[in-house]
Amino acid sequence: MLENKVVVVSGVGPGLGRAVALRAAGSGADVVLAARTESRLTEIAAEIEQQTGRRALAVPTDITDETSAAALAKVVTDTFGRVDALVNNAFAVPPLTDLLDVDLADVRAGFETNVYAALRLTRLFTPALADSRGSVVMVNSAVLRHSKRLFGAYKMSKAALLSLAQSLATELGPQGIRVNTVAPGYIWADALREGFGQWAEQRGVTVQDIYDEIAATLDLGRLPEPDEIADVVLFLVSDMSRAVTGHCLDANAGEFHH
């Protein structure tokens, strides 16, 4: 699907970011890994090159910093001479606190990563993406689909990210650039396992009990794995979705219908 393409992924960690990069490389792409933790990037890059034979460039980056983000864009274009897809996967979850009580500085910090950084990276890569008639994918969240208490600050930033993606689709469409959104729900990866472990301990039950309880609320009766969400991202960056832009594709195993 992505033979000889170059895919940039921000927010690469042990979960979805790693899965997107691995699946992209497995589909024939060279990948660029951007995040703040250099040791993790180096480890994942080595894993990708060993498993797929494709090139994986690790670039330690603070995407909330203009200079650091600009340096990422420069090293990518200098190294590969092209960019075919940008996956804005980095995110920050503000404190889960009622909006009436949350510190506005924490709300602003959430917007810095979830919205402004995504806009910054998209702007920086627009010239290269226009040359390749490439694609941008914003990784959003199922928080868009509910208004549960304590998630207000997070939903604010993710709703803004969705609006950003839709407006960019209109602005960048004439240059041949598509902009789409993926909205995952639960992703059965290390962070969620840890959270379920804490919850299970508090309730005096097992992690499997928590898993089964949550899975029972999903149409498919199970929680999606990172690779499954990554494949949705790959669909949207590939030519298989060449007529799709401005769209938000939910990937939540049927937790919400939209």
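Here the structure is a predicted model, which is why all the values come from computation and not from measurement.

Looking at the packing of aromatic side chains
Now for step 1: Scanning all chains against the criterion turns up five aromatic pairs.
Now for step 2: Consider the rings of Trp188 and Phe196, whose centres lie 5.5 Å apart with planes at 45°: the pair is tilted. An identical accessibility class is assigned to Trp188 and Phe196; each is buried.
Now for step 3: On the numbers, 6.4 Å between centres and 70° between planes, the contact of Phe196 with Trp199 is edge-to-face. In this pair, Phe196 and Trp199 both sit in helix α6 (residues 190-203), three residues apart, roughly one turn of the helix.

Structural notes on the pattern of salt bridges
Now for step 1: Using the criterion set out here, one finds 13 salt bridges in the structure.
Now for step 2: The partner of Arg18 in a salt bridge is Glu47, and the shortest N-O contact between them spans 2.5 Å. Placement of the pair is Arg18 in helix α1 (residues 16-26) and Glu47 in helix α2 (residues 38-52), with a sequence separation of 29 residues.
Now for step 3: Assessed through its relative accessible area of 25%, Arg18 is described here as partly exposed.
Now for step 4: For Lys74, the salt bridge identified is with Asp78, shortest N-O distance 2.6 Å. Of the two residues, Lys74 and Asp78 are both situated in helix α3 (residues 66-80); the distance of four residues between them amounts to about one turn of the helix.
Now for step 5: Three or more residues joined by partner-sharing salt bridges are found here, namely Glu3, Asp30 and Arg54.

The rules behind these values
- Residues numbered from 1 in each chain as written.
- Predicted model: local features only at pLDDT ≥ 70, side-chain atom pairs only at ≥ 80, totals over all residues.
- Heavy atoms only, no water.
- Phe/Tyr/Trp six-rings, centres within 6.5 Å; stacked < 30°, edge-to-face > 60°.
- Buried < 20%, exposed > 50% of the residue type's maximum accessible area, 1.4 Å probe, protein only.
- Helix = DSSP H or I, 4+ residues; strand = E, 2+ residues; numbered from the N terminus.
- Salt bridge = Lys/Arg side-chain N within 4 Å of Asp/Glu carboxyl O.

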